[in-house]
2 protein chains.
Amino acid sequence: MSEERNTGGRVMLPEPTLRRLPWYLAYVKMLDNQHIEYVSSTQIAKEINVDASQIAKDLSFLNIKGKTRIGYEVHSLVRELVDFLGFKRKHNAFMIGAGSLGAALMQDVGLSQYGLNIVAGFDINPELVGTSICGIPVYSLDELHRCQQQFNVSIAVLAVPVEHAQEAANTAIESGLKAIWNFTPYRIKAPSDIVIQNTSIYAHLALMYYRMEEKKYMNKK
Amino acid sequence: MSEERNTGGRVMLPEPTLRRLPWYLAYVKMLDNQHIEYVSSTQIAKEINVDASQIAKDLSFLNIKGKTRIGYEVHSLVRELVDFLGFKRKHNAFMIGAGSLGAALMQDVGLSQYGLNIVAGFDINPELVGTSICGIPVYSLDELHRCQQQFNVSIAVLAVPVEHAQEAANTAIESGLKAIWNFTPYRIKAPSDIVIQNTSIYAHLALMYYRMEEKKYMNKK
């Protein structure tokens, strides 16, 4: 009856659990900053609108168990979530497309706090190639393969114009990169051993606009 | 039998349809740039991995119908999708939190191309207050209410540290803002008439890291 995907020895987490873990982390990190020592699943539930039993279940996948009547130890809960979510390890990445959004992401120190270490940027614009953004060098896209051999990077962050998205992804995959964090709204096609993570911020804008119109309409009725 | 949510006169789109529309737009925009005149749902389907019948159904919600044997007129499809998704209208917004991620988003011209017009930034850091980022002034968070009366803005883009997320959201809501585009991993609580759009890019990082580990494990087996 369990939803977990057990493949041999390693327990695979259900996708919804995986999506909720960062919410728990955000909240307990805040408690940790306030030097609060224990938190119950009921308290987390109240704060983030997820059933307490669901929270206990999600955390039990990670072998984290609360103590009866006391709850979870906040500091170790933070540590275990950070660890499990991979934020403590350093993941080298290439930024493909160092235009407006790409450059913006290269400037965000938040990414490195969450384990993403952008070691180089790539672009086809000759005005960008040879420059550096926040100390990160920008190379020509032609040099991706050579740089990959030098840096041994697994992740490509894709922030190119839509019409170049698939081509740039192909170049990354051919150079041996294993994951594409896709900021374009284009649906990248890739072999099944490549991880594609879509974060289309402009598509989220459309969702927000639509919901705003919806509420306006509902309020008028 | 229809999945659409019909509230009076206005047809409410099913959420999955709404999520797919920006994918269609990305693809047909590309075709439009290549001066391609017509596209069939089968062709879109092949490119973006969605059933052709689903695409036809999604587009019919917007009253867009293809011609038998010819398909959709690309240029008008782009125009109708851009229009429907609200990318053509100008939506004024405040950036709350002008630190690393906030400043990065203020520098991204892509957002304005998708209709988001950031008119001011807000922060509590005295070193940022009074400066400007890409010509956009940064004010003290205390001035949000006054600025809101001046600019009549509806959208708050939230890029503050997690521990200030709820408080900053409250300030925005009390000042009359109607939508919060939440870039923090914190689950904001808000009255039901407020639109919350979560875009937690760091949570997406965790999903990507996890999937990479999963693939590594699968390949080893």
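Just so it is clear, the model here is predicted, and its values are computed rather than measured. (Residues numbered from 1 in each chain as written. Chains lettered and ligands numbered in written order. Predicted model: local features only at pLDDT ≥ 70, side-chain atom pairs only at ≥ 80, totals over all residues. Heavy atoms only, no water.)

**Focus on the overall build of chain A**
Note the cut-off: Strands here mean DSSP runs of E at least two residues long; helices mean DSSP runs of H or I at least four residues long; both are numbered from the N terminus. Accessible area is worked out with a 1.4 Å probe on protein chains only. A residue is then buried under 20% of its type maximum, exposed over 50%, and partly exposed in between. Each accessible area value is a Shrake-Rupley result obtained with a 1.4 Å probe; residue values ignore everything except the protein chains displayed when judging cover. In summary, the charge assignment counts Lys and Arg as positive and Asp and Glu as negative, without counting His or the chain termini. Here the site of a charge means NZ on Lys, CZ on Arg, CG on Asp, or CD on Glu.
Helix and strand counts for chain A come out as 9 helices and 11 strands. Counting only C-alpha atoms and orienting by the principal axes, one finds that chain A spans roughly 60 × 55 × 40 Å. For chain A, buried positions account for 53% of its 221 residues. As displayed, chain A has an accessible area near 10300 Å², and 50% of this comes from carbon and sulfur atoms. Averaging the positions of the 23 positive and the 22 negative side-chain charges in chain A gives two centres separated by 7 Å.

**Description of helix 1 (residues 15-33) of chain B**
Keep this limit in mind: In a helix, the anticipated span is given by 1.5 Å times the number of residues less one.
Helix length check: helix 1 of chain B (19 residues) gives 28 Å between terminal C-alpha atoms against 27 Å at 1.5 Å per residue, within 8%. Of the residues one or two after helix 1 of chain B, B:His35 is the one with positive phi, at around 60 degrees.

**A look at unusual backbone geometry**
Residue and element names in this part refer to chain A. A positive phi angle, near 60 degrees, is found at Asn49, a position not held by glycine. If you trace the backbone, Asn49 turns up in the loop between helix 2 (41-48) and helix 3 (52-61). Residue Asn49 is classed as exposed on the basis of its relative accessible area of 66%.

**Some thoughts on helix 8 (residues 165-174) of chain A**
Residues and elements named next belong to chain A. For clarity, the cut-off: To be clear, the arc concerns the directions from the helix axis to the C-beta atoms. Working rule for contacts: check all heavy atoms of both residues, and any pair within 4.5 Å makes them a contact.
For helix 8, every residue scored as buried is listed here: Ala165, Gln166, Ala168, Ala169, Ala172 and Ile173. Taken end-on, helix 8 shows its buried residues confined to a sector of 165 degrees, consistent with a single buried face. Those residues of helix 8 that are exposed and angled more than 90 degrees off the buried face are Glu167 and Glu174. Residues of helix 8 that are buried sit in contact with strand 5 (91-96), helix 7 (144-151), strand 9 (155-158) and strand 10 (179-182). One or two residues past the end of helix 8 sits Gly176, with phi positive at roughly 100 degrees.

**Focus on the sheet that holds strand 10 (residues 179-182) of chain B**
All names here are of chain B. To be explicit about the condition: Note on pairing: DSSP must find at least two bridges between two strands before they are called paired.
Spatially, 7-8-6-5-9-10-11 is the arrangement adopted by the 7 strands of the open sheet, whose pairing is mixed. Either end of the sheet is taken by a strand with one partner, and the two such strands are strand 7 (132-133) and strand 11 (195-198). Where strand 10 lies against strand 11, 4 bridges are found, and the strand directions are parallel. Directly across from Trp181, in strand 11, lies its bridge partner Gln197.

**Digging into the UniProt feature "binding site: NAD(+)" (unreviewed entry) in chain A**
This is how it is decided: UniProt positions are given in the numbering used here, feature names are shortened, and annotations may be inferred rather than shown by experiment.
Under the UniProt annotation, "binding site: NAD(+)" (unreviewed entry) lies at A:Gly97, A:Ala98, A:Gly99, A:Ser100, A:Leu101 and A:Gly102. Summarising the element assignment, A:Gly99 is placed in the loop between strand 5 and helix 5 (100-107). Those residues in contact with A:Ser100, other than ones at most four positions away along the chain, are B:Gln107, B:Asp108, B:Val109 and B:Gly110.

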